[in-house]
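Descriptive structure summary
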Amino acid sequence: MVEISKQANLPTQFGDFMIQSFREKKLFKGESYLLEHLVLRTIEIPENPLVRVHSECLTGDVFSSLKCDCGGELQMALKRIAKERGFLIYLRQEGRGIGLFNKVNAYALQDSGLDTIEANLALGFQEDERDYEIVRFIFDYYRLSQIRLLTNNPAKICAFKSMIKLTREPIIVECNAHNAHYLEVKKTKMGHLL
Ligand SMILES: [Zn+2]
């Protein structure tokens, strides 16, 4: 079940957006919980809009963590979407879907030498627990039929290809001493097109 908020203006340092929230009720082991996703879109939408589907990473997006490339990707995506027109779909699936608490535990395991995937597996999760069904709902809601998807992640291309006609736009963020290994794992173990 999905509830849809009203739309509101959201001026940002990158440009002016409209913001809207999609509240999704999900079930986990018989317990229901809510995920409040966000969509930022430009006021004018071209026929073939630029779209970024970004999964929440509080440490990277808000605290400028250098352990991953999420914050840089988010800023670059907002900058490009503001200029070229389109949508940022911000999914509240923190830590590849394992949640913030578990992500911090995974970071602790990484401090002892495991990589990002090995740490998730050691905690009893899949390497990627994300689920993109809500995106289909959002594409339908905005009546999108084709998009330019901003991503390096082949799993996302594969997931969205069944929902919509798409072409890929690469997103390249500079690596640093802290995230170089993380990006290498994304490239070699998760097939990212870096
Ligand atoms: Zn991140």
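Everything numeric in this text was worked out from a predicted model, so none of it was measured. (Residues numbered from 1 in each chain as written. Predicted model: local features only at pLDDT ≥ 70, side-chain atom pairs only at ≥ 80, totals over all residues. Heavy atoms only, no water.)

Further remarks concern the UniProt feature "binding site: Zn(2+)" (unreviewed entry) in the protein chain. Within the UniProt annotation, "binding site: Zn(2+)" (unreviewed entry) is assigned to Cys 57, Cys 68 and Cys 70. The annotated residues named above include Cys 57, Cys 68 and Cys 70 as those lining the largest cavity. For Cys 57, the location among the structural elements is in the loop between strand E5 (50–55) and helix H1 (58–61). Excluding residues that lie within four positions of it along the chain, Cys 57 makes contacts with Val 62, Cys 68, Cys 70, Tyr 90, Glu 94 and Lys 103. One can find Cys 70 in helix H2 (residues 70–84). With residues near it in sequence (within four places) discarded, Cys 70 still touches His 54, Cys 57, Asp 61 and Tyr 182. (UniProt positions renumbered as here; feature names shortened; annotations may be inferred. 1 Å grid on protein atoms, 1.4 Å probe; cavity = no way out; pocket = protein on both sides within 12 Å on 5 of 7 lines; lining within 4 Å. Helix = DSSP H or I, 4+ residues; strand = E, 2+ residues; numbered from the N terminus. Contact = heavy atoms within 4.5 Å.)

Here we come to the side chain of Gln 93. Position of Gln 93 relative to the elements: it lies in the loop between strand E6 (86–91) and helix H3 (94–97). From its side chain, Gln 93 meets the backbone nitrogen of Asp 131 in a polar contact 3.0 Å long. Excluding anything up to four places from it in sequence, Gln 93 contacts Ser 55, Glu 56, Arg 130, Asp 131 and Tyr 132. (Polar contact = N/O pair within 3.5 Å; in protein donor to acceptor, adjacent residues only side chain to side chain.)

The next subject is the coordination of the zinc ion. Within the protein, the atoms that donate to the zinc ion are Cys 57 (SG), Cys 68 (SG) and Cys 70 (SG), at distances of 2.2 Å. One chain supplies every donor for the zinc ion, spaced along it as C-x10-C-x1-C. Here Cys 68 lies in the loop between H1 and H2 and Cys 57 lies in the loop between E5 and H1, a separation of 11 residues in the sequence. The pair Cys 57 / Cys 68 is uniform in exposure class, with both members buried. (Donors = N, O, S within 2.8 Å, 3.2 Å for Na, K, Ca; no water. Buried < 20%, exposed > 50% of the residue type's maximum accessible area, 1.4 Å probe, protein only.)

The next subject is the pattern of salt bridges. Tallying each qualifying case throughout the model produces 13 salt bridges. Between Glu 169 and Arg 80 there is a salt bridge whose closest N-O contact spans 2.8 Å. Taken together, the residues Glu 169 in strand E8 (residues 165–169) and Arg 80 in helix H2 connect sequence positions 89 residues apart. (Salt bridge = Lys/Arg side-chain N within 4 Å of Asp/Glu carboxyl O.)

Counting through the fold element by element, Val 185 comes out in helix H8 (residues 180–189). Through-space distance from the C-alpha of Val 185 to that of Glu 118 is 10 Å; in sequence the pair is 67 residues apart. In this structure Val 185 touches Asp 115, Thr 116, Ile 117 and Met 190, once residues within four positions along its chain are discounted.

A separate point is empty space enclosed by the protein. Evaluation of the coordinates by the stated rule reveals one cavity of 30 Å³ or more. Along its surface, the largest cavity is lined by 29 residues, and Cys 70, Arg 96, Arg 130, Tyr 182 and Lys 186 are the ones closest to its centre. Listing elements by their share of the lining of the largest cavity, those giving two or more residues are E5, H2, H3, helix H4 (100–111), helix H5 (116–122) and H8. Its residues assigned to classes, the lining of the largest cavity comprises eight nonpolar, 11 polar and 10 charged. (Points joined across faces, edges and corners; volume = space filled by probe spheres on them. Nonpolar A, V, L, I, M, F, W, Y, C, P; charged D, E, K, R; others polar.)

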